[in-house]
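Chains, contacts and geometry: an overview
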Amino acid sequence: MVSFRHRNHLKMLPLSTLLKIGFTPTLKDFNNLFLLLSRNQKFKAIIHVFSQLSSNQINADSQTRTFFAKALIKESKYEEAADFLRTHEIFHQNRVFDSLIQALCSCNQDPERGLSLLKDSLKLNGVVPSSRTFCLLICCFSRMGKMDRVIDLLELMSDDKFKYPFDNYVCSSVISGFSRIGEPELAVGFYETALKSGSLMPNSVTCTALLTAYCKLRNVEKVSELVAWMGSNDLAFDVVFYSNWAYGCLREGLVHEAFEIVRAMVDKKVELDTISYTILIDWFSKNGNVEKAVGFLHKMRRDGIEPNLVTYTAIILGFCSKGKLDEAFSIFGMLDKLGIEADEFTYAILIKGVCRKGDFDLVYQLLDEMPKKGINPGVVTYNTVINGLCKVGRTTEADDFSKGIIGDAFTYSTLLQGYVREQNNSGILDTKTRLEAAGVRMDVVVCNILIKAMFMVGLFEDAFAIYKGLQKMDISANSITYFTLIDGYCKAGRIDEALEIFDEYRNKSISSSACYECIILGLCEKGMADMAGDVFIEYIKKGLPLDKKLYMMLIEATFNLKGAESVLEVMYRIEETGFQTLPVLCTDAVYFLCKMGFPEASYDILSAMRTEGLEWASLCYYSILGSLLFEGKKLLARLILGPFVKIYGMSDLRVCEIVLKYLCLHDVKKSLVFLSSMNEKNRNITIPVAVFKTLINEGRVLDAYELLVGAKYNLAPMDVVSYTIIIDALCKKRHIREALDICTLAVKKKGIALNIVTFNSVINGLCHQGCLTEAFRLFDSLERIGILPTEVTYGTLIDALAKEGLLHDANMLLERMLLKNLEPNTRIHNSLINGYCKSGLLDEAIKIFHDLEMRNLKPDGFTVGALINGYCLKGDMEGALNLFLEFKRNGFLPDFLGFMYLVRGLCAKGRMGESWGILREMLQTPSVVDLLGRVDSGAESDSVENLLVFLLDRGSIYEAVALLNKVGSMHFSTGRNSSLRTLDPHTEVTPSINNRIGFHSVAYDDVEKEDNNMVEICGGEDVKTEQLKDFESFYSRIHSLCSKGDLAKANRLTKLLMEL
């Protein structure tokens, strides 16, 4: 009895006193102590006392170890607990392992470590984790989006060892996880599998998660079925369900459906809460309708629901996105009045908006304000500033700013992107060095940007090393990684490395059209069209979306490398793949070949399409026939047109238009008859403007005129430019009356306001016809109708007056031009110089030349030739030769006719050596060489230039001059002062839309007068004056007259030759 009382007394004493008086506690005593400490949550004390047991060599039992393991878990010493559990036996081992794994998930947010411990525990005998442990791990991984881990856990749960059912907690977590990573179809698939297993009876939480997946799939029908099922099973439609439903619809752009849901909430008296309103406000703010968001904010407050910080932050975001910073700061200012404390995210949004405006002084002011309000700017805020600076091209400043913070992957990727945009190689290299020194864990985005940056600075090996190092960093390359590598190698011309990367990409389960497009482009640029075709075939077989740019790039490359026929081979290869949209591709190939001028090759593709029974062949017919008609290949067009009409008939207006176009180019009269028959059938078809351009290019200006007048009610819309082209062509061919008819038609029938370009063409045409009076009447009327004459107008009239010898009037018109502040150009001066030289007024011509130099205008070959002609007409060959040498020293040489004047003059004086030298000089002048190159010599193996050199080497100067006279007669229709009609290189430059008008043609009556003189001298009409068209023919005739003793006629003919 005494001992019992004594022992009870000892138990009441503190442990330290008991130990001092020599009491020796047993293991049971320690276990009781641990139990007491555990109930009082003195877990640190348990850990401390347990360590003393070990140091005093007291062997703990399973109960003691259990208390210790639980204490370690409670004190968050998870690794020590894990190590202890692996090496010691304890009571309730399942529960302790569950506690440890659940703590890692809930408290430490480290489900990866939890999963590792779970797998380790399965290796121990008798350890079976609970279903709750599995559920908690699945929930954590689902929130993190690591669905591969979730799938592993689901497989473990369904193993024969456990056979845990998939309850609502598991299903809702998995469905939400798949939806979160953008795989809603997998979420639905999992739900259906779980439902079929019979262990799942969905509740409101699972239905809410499933609803989100259906919304992402935009499957309105399934949503309706789910809602109906919930109603029939008496599941509650709470505010959370409706809010998720509305949010899902808004996120997928189903605005109307979202508002229907809100109405349903009102009808069913489900009150919207703060989250519901915030969802609506956030969506409208992010989608640019912040005014609507503000409307919901006011309604929210009228309904007695107080907005929170998230709500106001959404409004601020909306205003900042639209650049309305004043309104954003106004809402921000309301927060203090309402007693709501802003957080870092609110400031980050404001800073981002201010960065967009470029007001970085205000940005730094906001940064300084944050600590004063107890908000420490974090890396998110700093990254916002860095990103803003980089976007406005201030990457160096952003770099300096980043050196004062601890950056993350986004920090360095933003800097790299900024330097890449600015092409700052040193900045890229410095940032790379900083990134490596910072030890920041890189993700695939940073690696992709870094690879791109390395390519930009030319460090290809470094880029490849980053790619190869991804696996060591536990990073999987994505499609952007492969695209960046392929694109970088292709742009650098390193196609072999690009192909190696592409081969690695093909072995991955990644699908990207961009990688295929990039390698095909690189192969095409390297001339490897066949391999590009192989890649394109593989692209089609993979079912990737077809891009027109891609296959047109392949067609163009094949065409450039192997010709038009090879395009058909590409089409055959694509056909073998069973490609569904082959008709589209063939049609585009036909368009391309027609555009490149190969309608025949495109017809081969068309024939293949018809053979295979492919649709859209009619569109190809239109392109081919249009191209053939445009190129004037009317015979081939006719051969194709026949089958075309037989196949498609005349019911389609496009067929009628093609037939009409063909007839217009083939026979205008038949086209007008056909057009009349179409009009009688009330079939409205029009003649395209291109038909008139084609007729004009073929020289059939009268056909164009007849078609335009005859089909004036069936014309496609024509503007003033189109009418001016036709008028100009008629004027060039001296059909002035027809040109005036078109002017009347354009103005009175079509309401077209003619411009000065049109009038310039008409005035030039009148001048060429010798109708100077009518030309000046038209000129005088221009200002009355509000059209101001241009330099071209004055130049045309001055040239006409000069040719008629009315040099005083020409000078008066020039003075009038100067009063209008219009500067005369070199051509106008040339007209006056040529006129004065023809009239024998060489001194006046030289004055005009000096005026040209005073106006800082440069003479041309015509100027030099006209002045040389002036000296030659005076018989001053010495002056002509000196003038030629002076101009040559200054870098100016005469044109073809200028050389001819000088050569003929020297020959007439018997100065054959100097003539030979001038001819040699002439054959080295680029303009003359170019003109001779456009002449067919008639010999298969020689050119005119080589014939002339041969003649000069033989000393056959007369023969060389005769040949040059023939060349001149082929190129120039009228002359400046010669019956040879070979004197004016500008004759062919007649009025056109581009205001290029020739000023130096001679009236036909001058030529006719000269011809009459030759007939009279040569002895009557029986002599064919056409034979006297070169120096050799004149020389022969003079020699004949001298032989007959008819010296008078010989002298008159010689005088006429000298005058010419």
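Sequence order as written defines the numbering, with residues in each chain counted from 1. Reporting in this predicted model follows two pLDDT cut-offs: at least 70 for local features of residues, and 80 or more for side-chain atom pairs to be given and counted; totals over whole chains, interfaces and linings ignore these cut-offs and use all residues. With hydrogens and water set aside, each side-chain value is computed from the structure's full complement of heavy atoms.

Quick word on the overall build of the chain
- Each helix is a run of DSSP H or I of at least 4 residues and each strand a run of E of at least 2, with the numbering of both proceeding from the N terminus. On a plain count of helices and strands, the chain comes out with 60 helices and 0 strands.
- Whether a residue is buried, partly exposed or exposed follows from its accessible area with a 1.4 Å probe, protein chains only, as a fraction of its type maximum: under 20%, in between, or over 50%, in that order. Taking all 1060 residues of the chain together, the buried fraction comes to 49%.
- Contacts in the chain between residues at least 24 apart in sequence constitute 60% of all its contacts with a sequence separation of at least 6.
- A total accessible area of about 52200 Å² is found for the chain, and carbon and sulfur atoms account for 52% of it. It only takes one pair of heavy atoms within 4.5 Å for two residues to be counted as in contact. What sets the accessible areas is the Shrake-Rupley method with a 1.4 Å probe; for residues, cover comes only from the shown protein chains.

A few points about the side chain of D895
- Structurally, D895 can be placed in the loop between α52 (877-889) and α53 (896-908).
- When its relative accessible area of 9% is taken as the criterion, D895 is described as buried.
- At 2.8 Å, the side chain of D895 forms a polar contact with the backbone nitrogen of G898. Any pair of N or O atoms that falls within 3.5 Å is considered a polar contact. Within protein, one atom must be able to donate a hydrogen and the other to accept it, and sequence-neighbouring residues count only if both atoms are side-chain atoms.

Things to note about the environment of D120
- Secondary-structure assignment places D120 in helix α8 (residues 111-121).
- Between the C-alpha atoms of D120 and A82, which are 38 residues apart in sequence, the distance is 9.7 Å.

With respect to the confidence of the model for the chain
- Confidence of the predictor at the level of single residues is captured by pLDDT, which takes values from 0 to 100. Of the residues in the chain, 82% reach a pLDDT of 70 or more, and the chain-wide mean stands at 79.
- Considering only residues more than four positions removed or in separate chains, one finds that residues 974-1012, a stretch of pLDDT under 50, has 140 contacts.
- A low-confidence stretch, residues 1017-1027 (pLDDT under 50), is modelled with 14 contacts involving residues beyond four sequence positions or located in other chains.

With respect to the packing of aromatic side chains
- Centres within 6.5 Å are what make two rings of Phe, Tyr or Trp a pair, Trp counting through its six-membered ring; a difference in plane orientation under 30 degrees is then read as stacked, over 60 as edge-to-face, and the rest as tilted. Applying the stated criterion to the full structure yields 23 aromatic pairs.
- Each ring, one from F332 and one from Y347, has its centre 5.1 Å from the other, and the planes form 80°; the classification is edge-to-face. On the criterion of sequence distance, the pair formed by F332 in helix α20 (residues 325-337) and Y347 in helix α21 (residues 344-357) is long-range, its members being 15 residues apart. Accessibility assignment for this pair places F332 and Y347 in one class, buried.
- Here the aromatic cluster, defined as three or more aromatic residues joined through ring pairs, consists of F464, Y467, Y482, F502, Y505, Y516, F536 and Y539.

Describing the packing of helix α45 (residues 756-768) against helix α47 (residues 791-803)
- A fitted line through C-alpha atoms represents every axis, and for helices the fit uses only the stretch in contact; the resulting angles, taken between N-to-C directions, go from 0 to 180 degrees. With their axes 9 Å apart at the nearest point, α45 and α47 run at an angle of 5° to one another. Comparing the axis directions of α45 and α47 gives the class roughly parallel. Together, I756, N760, I763, N764 and C767 of α45 and V792, T793, T796, L797 and A800 of α47 make up the contact between the two elements.
- Across the contact of α45 with α47, the residue classes break down as 6 nonpolar, 4 polar and no charged. Here the angle decides the label: under 35 degrees means roughly parallel, over 145 means roughly antiparallel, 65 to 115 means roughly perpendicular, and every other value means oblique. By the convention adopted, Pro, Cys, Tyr, Trp, Phe, Met, Ile, Leu, Val and Ala count as nonpolar, Lys, Arg, Asp and Glu as charged, and the other residues, Gly among them, as polar.

Describing the packing of helix α43 (residues 720-732) against helix α44 (residues 736-749)
- Between α43 and α44, the shortest axis-to-axis distance is 8 Å and the interhelical angle comes to 165°. Classified by the interaxial angle, the pair formed by α43 and α44 is roughly antiparallel. Seen along the crossing, α43 lies across α44 with a hand that is left-handed. Across the interface between the two elements, Y723, I727, L730 and C731 of α43 pack against I736, E738, A739, I742, C743 and A746 of α44.
- Residues belonging to the contact of α43 with α44 are distributed by class as follows: 9 nonpolar, no polar and 1 charged. Handedness of a crossing follows from how the near helix is turned relative to the far one, being left-handed for an anticlockwise turn of less than a right angle and right-handed for a clockwise one.

Quick word on helix α14 (residues 220-232)
- A helix is expected to reach a length of 1.5 Å times the quantity of its residues less one. Between its first and last C-alpha, α14 extends 19 Å over 13 residues, near the 18 Å set by a 1.5 Å rise per residue.
- Among the residues of α14, those classed as buried are V223, L226, V227 and M230. Viewed end-on, α14 has its buried residues packed into an arc of 95°, placing them on one side of the element. Opposite the buried face of α14, at more than 90 degrees from it, the exposed residues are E221, A228 and S232.
- Its buried side turned inward, α14 meets α13 (204-216) and α15 (239-251).
- One or two residues past the end of α14 sits D234, with phi positive at roughly 60°. Note: the arc covers the axis-to-C-beta directions of the helix.

Observations concerning the nonpolar core
- Within the largest apolar cluster, 134 residues are counted, with the highest numbers of intra-cluster contacts made by L100, V174 and W245.
- Not counting residues up to four positions away in its chain, the partners in contact with L100 are I73, Y78, A81, A82, L85 and L117.
- One finds C656, Y705, L754 and L897 within the second-largest nonpolar core, a separate group that totals 114 residues. Buried residues of nine kinds, namely Ala, Val, Leu, Ile, Met, Phe, Trp, Tyr and Cys, make up a nonpolar core once their side-chain atoms join them within 4.5 Å.

Description of unusual backbone geometry
- One non-glycine residue, R734, adopts positive backbone phi at about 65°.
- Structurally, R734 can be placed in the loop between α43 and α44.
- Exposure remark for R734: the relative accessible area of 24% places this residue in the partly exposed category.
- The phi angle at N856 is positive, at roughly 60°, despite the residue not being glycine.
- Within the secondary structure, N856 sits in the loop between α50 (842-854) and α51 (861-873).

A closer look at a positive patch on the surface
- Only residues whose relative accessible area exceeds 30% and that take part in no salt bridge are eligible for patches, with like-charged residues grouped when within 9 Å of each other and nonpolar side chains (Val, Leu, Ile, Met, Phe, Trp, Tyr) grouped when within 5 Å. By convention in these notes, a salt bridge is any Lys or Arg side-chain nitrogen within 4 Å of a carboxyl oxygen on Asp or Glu. For the purpose of charge, His is not counted, nor are the chain termini; Lys and Arg are scored as positive and Asp and Glu as negative. To locate a charge, the coordinates of NZ of Lys, CZ of Arg, CG of Asp or CD of Glu are taken. A contiguous patch of positive charge on the surface is contributed by K352, R356, K391, R421 and K452.
- Take K352: it is sitting in helix α21.
- Assessed through its relative accessible area of 42%, K352 is described here as partly exposed.

Let's talk about α51
- Taking 1.5 Å of rise per residue, 13 residues should cover 18 Å, and α51 covers 18 Å from first to last C-alpha, within 8% of that figure.
- With 11 of its 13 residues buried, α51 lies for the most part within the structure.
- Where α51 is concerned, the buried positions are F862, T863, V864, G865, A866, L867, I868, N869, G870, Y871 and C872.
- Close packing links the buried residues of α51 with α49 (826-838), α50, α52 and α53.
- The N-terminus of α51 is capped by D860, whose side-chain oxygen sits 3.1 Å from the backbone nitrogen of F862.
- Backbone geometry just after α51 places G875 at a positive phi near 80°.

Regarding the environment of Y723
- The topology assignment puts Y723 in helix α43.
- Residue Y723 is classed as buried on the basis of its relative accessible area of 2%.
- Each C-alpha atom of the pair Y723 and A746 lies 7.1 Å from the other, and the pair is 23 residues apart in sequence.
- In this view, Y723 contacts L708, L715, M718, I742, A746, K750 and I752; residues no more than four positions away in its chain are not counted.

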